[in-house]
Amino acid sequence: MEHAAQWRSHGAARRAGYALLPGEGFSYLLHLRPREWPIMAAHTLLGLLLAVGLNVVTLSFYWRTALVALAIWVICLNGGTLALNSAYDMDVGDIGYLDAPPPPPRHLAAFGFALMLGGQLWTLAYPVPLVLAYAACFIMSLVYSAPPIRLKSVPGADWLINVVGFGALTPFAGWVITGRPLTTEAIVVFVAFAALFGALYPLTQLYQLDEDAARGDRTMAVLLGARGSLAVSLACALAAFAMFAWIAHRTAAGTGASIALLVSAACWLLLLARWLIRAPELGASDHKRGMYVALSAWALTDVAVLALFA
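Since we're looking at a predicted model, the values are computed, not measured.

Asks: Help me get a handle on the pattern of salt bridges, residues and values and all.
Replies: Close approach of charged atoms allows side chains of opposite charge to pair. Going through the model one piece at a time under the given rule, you end up with 7 salt bridges. As a salt-bridge pair, Arg-150 and Asp-89 come within 2.5 Å of each other at their nearest N and O atoms. With Arg-150 in the loop between α8 (128–145) and α9 (157–176) and Asp-89 in helix α6 (residues 63–89), this residue pair connects regions lying 61 residues apart in the sequence. Exposure class is identical for Arg-150 and Asp-89. Each is buried. The residue Asp-286 makes a salt bridge to Arg-289 at a minimum N-O spacing of 2.4 Å. In this pair, Asp-286 and Arg-289 both sit in helix α14 (residues 284–309), 3 residues apart, roughly one turn of the helix. One network of salt bridges, in which partners are shared, links Arg-35, Asp-99 and Lys-288.

This is the structure:
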């Protein structure tokens, strides 16, 4: 009863939500983790904006396409993936983008799968590369979360799935839904963001190390520990910004774009270096705060890369 009181009364918005959607209805919504939607939406839109540019007139022709991309990729695919993950994880402590999670509703796994399947059917009306990218992420989501495969518990496989899915294929989806052909610079951007998510993903796991280990999920972060995970993050961030620097050179980026990229790189490297040094003395709450700081650095990187293309 005490735990139920906590997750039902965790803030005014949640109390209002359970009042509007009695029973388990609001729990289904929470397990889609809508707090992550703005981050996923921005990263998806980045690909679209890289494809069509920032001209207001041009963008006016793509607003419906943008809404479709966000609905398909952010709500159906990402939301469904997170719901499916929650159904099998049965977390009690805070998880990414959801504090004091409610117990997974009885049909949460089926709900998450149905949402992802609906998104896959929706992609059939759009360019083939979007269909294939979605299908790849759909399959990765299933093998990541669901037994008996459950690659989330295989060190390194958990990291690789997220690197490919969120890092590279999310902005790729934003680009290809426009129907425009890929460029060399765009491909390098997607690979660079894959590397950057290689830096971010371990940070999302550090404050859940104890709960993952207790559940038997030997994630890469559990295997490497905090300092090993942060060393991987630092190496991936360096690789990502080396690729972004190549794009800046290739596109003859202006002073403003170059400064934005340097500031973004400095934020990442200072954060990770300081975190690596202090790792032994940090607790779960410190790691959680660091993760959200890293998300701010990610948003700054999105802006800097957009400036390179603009």
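Asks: Break down unusual backbone geometry for me, with residues and values.
Replies: Cis geometry marks the peptide bond from Pro-147 to Pro-148; its omega dihedral reads 5°. On the secondary structure map, Pro-148 appears in the loop between α8 and α9. Its identity as a non-glycine residue notwithstanding, Arg-150 has a phi of 40°, on the positive side. The exposure class assigned to Arg-150 is buried, which follows from its relative accessible area of 12%. You will see that Ala-252, though not glycine, has its phi angle at about 50°, which is positive. Along the chain, Ala-252 turns up in the loop between α12 (220–250) and α13 (255–278).

How each quantity is defined
Residues numbered from 1 in each chain as written. Predicted model: local features only at pLDDT ≥ 70, side-chain atom pairs only at ≥ 80, totals over all residues. Heavy atoms only, no water. Salt bridge = Lys/Arg side-chain N within 4 Å of Asp/Glu carboxyl O. Helix = DSSP H or I, 4+ residues; strand = E, 2+ residues; numbered from the N terminus. Buried < 20%, exposed > 50% of the residue type's maximum accessible area, 1.4 Å probe, protein only.

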